[in-house]
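Examining the three-dimensional arrangement
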Amino acid sequence: MAGQGVVGPTALRMMLGSHLRRLRERAGVSRTDAGWAIRASESKISRLELGRVGFKERDVEDLLSLYGVSEARERDRLLELAREANNRGWWHRYGDVTPDWFDAYLGLEAAAELIRTYEIQFVPGLLQTAEYARAVARLTGVSRGDEEIERVVALRTRRQRVLDREPPLKLWAVVEEAVLHRPIGGADVLRRQLNALRDAVHRPNVTLQIIPIGGPGHAATGGAFSLLRFPQRDLPDIVYLEHLTSALYLDKRDDVETYTHALDLLASTSPPPQQTDAHLAALVDRLTH
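Next up on the list: the environment of Thr10. Positionally, Thr10 belongs in helix 1 (residues 9-27). In this structure the C-alpha to C-alpha distance between Thr10 and Leu208, which are 198 residues apart in sequence, comes to 27 Å. Apart from residues no more than four positions distant in its own chain, Thr10 is found in contact with Trp91, Asp103, Ala104, Gly107 and Leu108.

Set out below in structure tokens:
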């Protein structure tokens, strides 16, 4: 579990859950029996092993005993991991303006080394200017006051630090050109957003491709999605699909491979990243004249 000291609680929960699952399977213990040992249900064990809920130290101790883990150093290491996994990430201070189901994504985003994303509606959040993010926040069906909207913008800006950390997150975004014509916040806001994208594409850790409006269509017909990859070998790639009132997190190999293939197709059939700056410059010029 190298590198656990620099990852957030969401990733730590997933790492611990994955480790506990392997220990359970190696011991030949069913989820039902494991649930009985900690006075819980089979579904609770499933949620623990997926890292979807926090861990009680007592439960981890009981499970380790059930799985035959008796070596003191190993038990201490896993219990310490459970304690770290229960710490709150920085994003919890914005819990008043984010839905519960989005917390898990924020934790995964903070832990990822690579995010590949396909966007059909908005500029990717990690590349949004503050004023564009403010305009997007005003579009939602939820009634928000000015103070709450500024909290949303502050969260969006704070998230973007992953692009400046060491090592920085690598972001590879494929965006429908229609997104870049949509004057969210007005023409001036869009123009400044496009210029910000021009700056972003010169960063070594940012790749942006634009799917032309006149294109023949492509394989990603199901809507926007993101694929997150992590430096820890304990963590599988995860596909994130956001809906209006919920989100899906897919980590089964078949699902991940399907979405990875779709992203590969999008990247290979779209104009190469080297053409993106010129395309953005033309869009800016169109707004200026």
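Back to the write-up after that little detour.
Let us look at the pairing of strand 3 (residues 206-211). Summarising burial for strand 3: five of the six residues are buried, a large majority. Bridge count for strand 2 (residues 170-176) against strand 3 is six bridges, and the pairing is parallel. If you follow Glu176 over to strand 3, its bridge partner there is Ile211. One crossover worth recording links strand 2 to the parallel strand 3 by way of helix 9 (residues 187-200), and it is right-handed.

Let us look at the sheet that holds strand 1 (residues 114-119). Strand pairs in the sheet, formed through backbone hydrogen bonds, run parallel or antiparallel to each other. Spatial ordering of the open sheet is given by 3-2-1-4-5-6, a layout of six strands whose pairing is mixed. Bordering the open sheet on either side are strand 3 and strand 6 (247-250), each of which pairs with just one other strand. Ignoring which end each strand starts from, the neighbouring axes of this sheet average 15 degrees apart. Where strand 4 (residues 225-229) meets strand 5 (residues 238-242), three bridges bridge the pair, whose relative direction is antiparallel. Residue pairing in the sheet places Ser226 in a bridge with Tyr240 of strand 5.

Applying the stated rule across the entire model yields 18 salt bridges. Linking Glu49 and Arg31 is a salt bridge whose minimum nitrogen-to-oxygen distance equals 3.4 Å. Here Arg31 lies in helix 2 (residues 31-37) and Glu49 lies in helix 3 (residues 42-49), a separation of 18 residues in the sequence. Taking relative accessible area as the criterion, Glu49 reaches 7% and is therefore assigned buried. Relative accessible area serves as the criterion here: at 31%, Arg31 is assigned to the partly exposed category. Counted as one network, the salt bridges with shared partners bring together Arg24, Arg31 and Glu49.

Here we come to the packing of aromatic side chains. Going through the model one piece at a time under the given rule, you end up with five aromatic pairs. Pairing Tyr105 with Tyr240 gives two aromatic rings, centres 4.3 Å apart and planes at 35 degrees, and the pair type is tilted. With Tyr105 in helix 6 (residues 100-111) and Tyr240 in strand 5, this residue pair connects regions lying 135 residues apart in the sequence. Across the pair, exposure class does not vary: Tyr105 and Tyr240 are buried alike. A ring pair is formed by Phe225 and Tyr259, whose centres lie 4.8 Å apart and whose planes are at 70 degrees; its orientation type is edge-to-face. With Phe225 in strand 4 and Tyr259 in helix 10 (residues 253-269), this pair connects stretches of sequence that are 34 residues apart. Its relative accessible area of 4% is what places Phe225 among the buried residues. An aromatic cluster is built from Phe102, Tyr105, Tyr240 and Tyr249, whose rings are joined through pairwise contacts. Sitting over the ring of Trp172, Arg116 keeps its end group 4.8 Å from the ring centre.

Let us look at the packing of helix 1 against helix 6. Following both chains from N to C, one finds helix 1 and helix 6 inclined at 90 degrees, their axes separated by 7 Å at the closest point. One finds that helix 1 runs roughly perpendicular with respect to helix 6. Note on element contacts: helix 6 touches helix 1 through Asp103, Ala104, Gly107, Leu108 and Ala111, opposite Thr10, Ala11 and Met14. Partitioning the contact of helix 1 with helix 6 into residue classes produces five nonpolar, two polar and one charged.

What counts and how
- Residues numbered from 1 in each chain as written.
- Predicted model: local features only at pLDDT ≥ 70, side-chain atom pairs only at ≥ 80, totals over all residues.
- Heavy atoms only, no water.
- Helix = DSSP H or I, 4+ residues; strand = E, 2+ residues; numbered from the N terminus.
- Contact = heavy atoms within 4.5 Å.
- Buried < 20%, exposed > 50% of the residue type's maximum accessible area, 1.4 Å probe, protein only.
- Pairing = 2+ DSSP bridges.
- Right-handed = clockwise from strand over helix to strand, strands pointing away.
- Axes fitted to C-alpha atoms, helices over the stretch in contact; angles between N-to-C directions.
- Salt bridge = Lys/Arg side-chain N within 4 Å of Asp/Glu carboxyl O.
- Phe/Tyr/Trp six-rings, centres within 6.5 Å; stacked < 30°, edge-to-face > 60°.
- Lys NZ or Arg CZ within 6 Å of the ring centre and 35° of its normal.
- Parallel < 35°, antiparallel > 145°, perpendicular 65-115°, else oblique.
- Nonpolar A, V, L, I, M, F, W, Y, C, P; charged D, E, K, R; others polar.

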